[in-house]
Amino acid sequence: MTTLDESSAAPAAARALDDPRLLIPLALFALYVIWGSTYLGIRYALESYPPFLLAGVRFLGAGIALFAFLRWRGAALPTPRQWRNAAITGVLLLGFGNGLVCFAEETVSSGIAAVAVASMPLFAAVFSGMYGAWPSRRETVGLLVGFAGVVVLNLGSGLAGSRLGALALIVAAMSWAFGSVWSKRQDMPAGPMNTAAQMLCASVALLLVGFASGEHLPAHPTVRATAAVVYLAAFGSIIAFSAYLYVLKHARPALATSYAYVNPPVAVLFGVLLAGEHVGPFDLTGMAIILLGVCVITLAKRPAR
């Protein structure tokens, strides 16, 4: 016979597992480590897979898996308008944002790529001003500091040898920032279905670009490259995105977007320890200046107590 203590233990355990005080730190840890490691994962995947087909296959697999799971759980289909908005946002965030990062990492180290993409919040502040939310004085200081960091970073050995890669990373950050700002004012699919719809739409665009540019799927990919694609799809696209949505819902925006300046040091650490990548003095200086600018903007967005 079940005792009273035993019958009350299960609900108590369920409440503990749903406690944001426990789940928010776990979700942030996933964002910091998983998204920080995806830059090295992309580099490993590029050993066999071309950049745009790599991103297309990644998001196609993750999108189908997540979409099928959500439909199995009874999630509603997006409306035609929501599909349109998800397609536009997905192309901006995942098509340009991630596809160009994959393209750039053919000539730029994974750590430096993460640092350049960390300029995304700087562009987001500018695009927000297009909708009337102009940056404050402190945010303006952060923007100027971050822009100086991007200039210094382009002087470093990591990006100086690849002007096309540097341009691709800046366009990627700008596209991600504009897509994020634009989508907040649109009718988007609800919850995780938004992520699934964006991945499905972006994967179609990426595959079309890849095949149109002459890319081909590898006939004999290495085990490490294929494992990296699976890791990017399962952990980088499904788990980390779900963690981000949870933090965004249960924590202040400044905390949710803190991954933007935590990922670069994590990516650099993974690159140095596991891939033997090297960073020069200009790279380190540019990274420090960019992260300082992003931190200034993030702290400026905190609501007054």
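The structure this text deals with has already been given above.
What comes next concerns the included structure. (Residues numbered from 1 in each chain as written. Predicted model: local features only at pLDDT ≥ 70, side-chain atom pairs only at ≥ 80, totals over all residues. Heavy atoms only, no water.)

## Observations concerning the pattern of salt bridges
- By the definition in use, this model includes one salt bridge.
- Residue E47 is joined to R224 by a salt bridge in which the shortest nitrogen-to-oxygen separation is 2.1 Å. Highlighted residues: E47 in the loop between helix 2 (20-45) and helix 3 (51-72) and R224 in helix 11 (residues 223-250), separated in sequence by 177 residues. (Salt bridge = Lys/Arg side-chain N within 4 Å of Asp/Glu carboxyl O. Helix = DSSP H or I, 4+ residues; strand = E, 2+ residues; numbered from the N terminus.)

## Looking at the environment of W134
- Summarising the element assignment, W134 is placed in the loop between helix 6 (120-130) and helix 7 (137-155).
- For W134, a relative accessible area of 63% puts it in the exposed group.
- Residues within four places of W134 in sequence aside, it is in contact with G129 and E139. (Buried < 20%, exposed > 50% of the residue type's maximum accessible area, 1.4 Å probe, protein only. Contact = heavy atoms within 4.5 Å.)

## Looking at helix 6
- Burial analysis of helix 6 places eight of its 11 residues in the buried class, which makes it a mostly covered element.
- Listed in full, the buried residues belonging to helix 6 are M120, P121, L122, A124, A125, F127, S128 and G129.
- Of the residues one or two after helix 6, G132 is the one with positive phi, at around 95°.

## Topic: a nonpolar patch on the surface
- Nonpolar side chains collect at one region of the surface, where L269, V272, L273 and L274 lie side by side and expose about 400 Å² of accessible area between them.
- With respect to the element layout, L273 can be found in helix 13 (residues 259-275).
- According to the relative accessible area criterion, L273 is exposed, its value standing at 62%. (Patch = residues over 30% accessible without salt bridge, like charges linked within 9 Å, V, L, I, M, F, W, Y side chains within 5 Å. Areas by Shrake-Rupley, 256 points an atom, 1.4 Å probe, with all protein chains shown as cover.)

## Details of the nonpolar core
- Core analysis: the biggest nonpolar cluster contains 65 residues, and L31, L54, L94 and L169 have the highest contact counts within it.
- Here this core takes 12 residues from helix 2, the largest share from any one element.
- Core analysis: the next-biggest nonpolar cluster, separate from the first, contains 11 residues, V115, A125, I290 and V294 among them. (Core = buried A, V, L, I, M, F, W, Y, C linked by side-chain atoms within 4.5 Å.)

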